[in-house]
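Residues per chain, in single letters:
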Amino acid sequence: SVECERELTERFLPRVKAFFRARTADRDWVEELTQETIVAALLGLRAGRLREMDALEAFVLGIARNHLAEACRQKARNRTVPLDAEKTALVATVA
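No experiment lies behind these values; they were computed from the predicted model shown.

J.: Could you give me a rundown of a negative patch on the surface, with the residues and numbers involved?
T.: Among the surface-exposed residues, D26, D28, E32 and E36 lie close enough to one another that they form a single negatively charged patch. Within the secondary structure, E36 sits in helix α2 (residues 27-46). Here E36 falls in the partly exposed class, since its relative accessible area comes to 32%.

J.: Residue-level account of the side chain of T24, with values.
T.: Relative to the helices and strands, T24 is located in the loop between α1 (2-21) and α2. What makes T24 buried here is its relative accessible area of 16%. In this structure the side chain of T24 is engaged in a polar contact, spanning 3.2 Å, whose partner is the backbone nitrogen of D26. When sequence neighbours within four positions are dropped, the list of residues in contact with T24 reads W29 and V30.

J.: Please provide a residue-by-residue account of the packing of α2 against helix α3 (residues 56-78), values included.
T.: Orientation of α2 relative to α3, taken along the N-to-C sense of each, is 130°, at an axis distance of 9 Å. As summarised for this structure, α2 and α3 are arranged oblique, according to the angle between their axes. Crossing of α2 over α3 shows right-handed handedness. Each of W29, L33, E36, T37, A40, A41, G44 and L45 in α2 lies in contact with α3, whose residues at this interface are L56, F59, V60, I63, A64, H67, L68, A71, C72 and K75.

J.: Tell me about the pattern of salt bridges, residues and numbers included.
T.: Tallied over the entire structure, the rule returns six salt bridges. E31 is the partner of K17 in a salt bridge, and the nearest nitrogen-oxygen pair spans 3.0 Å. Of the two residues, K17 is situated in helix α1 and E31 in helix α2; the sequence distance between them amounts to 14 residues. Residue class for K17 comes out buried when judged on its relative accessible area of 17%. Residue classification places E31 among the partly exposed residues on the basis of a relative accessible area of 33%. Of the charged contacts in the structure, one is a salt bridge between E70 and R77, with a shortest N-O distance of 3.4 Å. The structure contains a network of salt bridges with shared partners spanning E70, R73 and R77.

J.: Mind laying out the packing of aromatic side chains, listing which residues take part and the relevant values?
T.: Overall, the coordinates contain one aromatic pair when judged by the stated rule. Taken together, a centroid distance of 5.2 Å and an interplanar angle of 75° make the contact between F19 and F20 edge-to-face. Positioned over the ring face of F19 is R23, at 3.8 Å from the centre of the ring. Lying across the ring of W29, K75 places its NZ or CZ 3.9 Å from the centre.

J.: Any details on the nonpolar core? Residues and values, ideally.
T.: By size, the foremost hydrophobic cluster in this structure holds 19 residues, and its most contacted members are F12, V16, F20, L56 and V60. Among the elements of the structure, α1, α2 and α3 are those that each provide at least two residues to this core. Residue contacts for V16: discarding those within four places in its chain leaves T34, T37, I38, V60, L61 and A64.

Definitions and cut-offs
- Residues numbered from 1 in each chain as written.
- Predicted model: local features only at pLDDT ≥ 70, side-chain atom pairs only at ≥ 80, totals over all residues.
- Heavy atoms only, no water.
- Patch = residues over 30% accessible without salt bridge, like charges linked within 9 Å, V, L, I, M, F, W, Y side chains within 5 Å.
- Areas by Shrake-Rupley, 256 points an atom, 1.4 Å probe, with all protein chains shown as cover.
- Salt bridge = Lys/Arg side-chain N within 4 Å of Asp/Glu carboxyl O.
- Lys, Arg positive; Asp, Glu negative; His and termini not counted.
- Charge placed at Lys NZ, Arg CZ, Asp CG, Glu CD.
- Helix = DSSP H or I, 4+ residues; strand = E, 2+ residues; numbered from the N terminus.
- Buried < 20%, exposed > 50% of the residue type's maximum accessible area, 1.4 Å probe, protein only.
- Polar contact = N/O pair within 3.5 Å; in protein donor to acceptor, adjacent residues only side chain to side chain.
- Contact = heavy atoms within 4.5 Å.
- Axes fitted to C-alpha atoms, helices over the stretch in contact; angles between N-to-C directions.
- Parallel < 35°, antiparallel > 145°, perpendicular 65-115°, else oblique.
- Left-handed = near helix turned anticlockwise from the far one by under 90°.
- Phe/Tyr/Trp six-rings, centres within 6.5 Å; stacked < 30°, edge-to-face > 60°.
- Lys NZ or Arg CZ within 6 Å of the ring centre and 35° of its normal.
- Core = buried A, V, L, I, M, F, W, Y, C linked by side-chain atoms within 4.5 Å.

Written out as structure tokens, the structure reads:
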């Protein structure tokens, strides 16, 4: 129900946010990952992926951990390394 989802969000939003804050100082990233995690948890619950209600906290924090790992992988893939002067000169002579 909508009320249950609201309760879950109110209960876990601070915990999930604290989880991300402990791992990154980037506030925008914390907000983005927190929202993605809560939405994924709600969708997972709607899909019946939680077998034991006693494991709800582990379920939500597991999703948070997985989102963080995937976000770190994406950041690493998208990271660019500036060319040093020697490489820049070499590229200029080839082009």
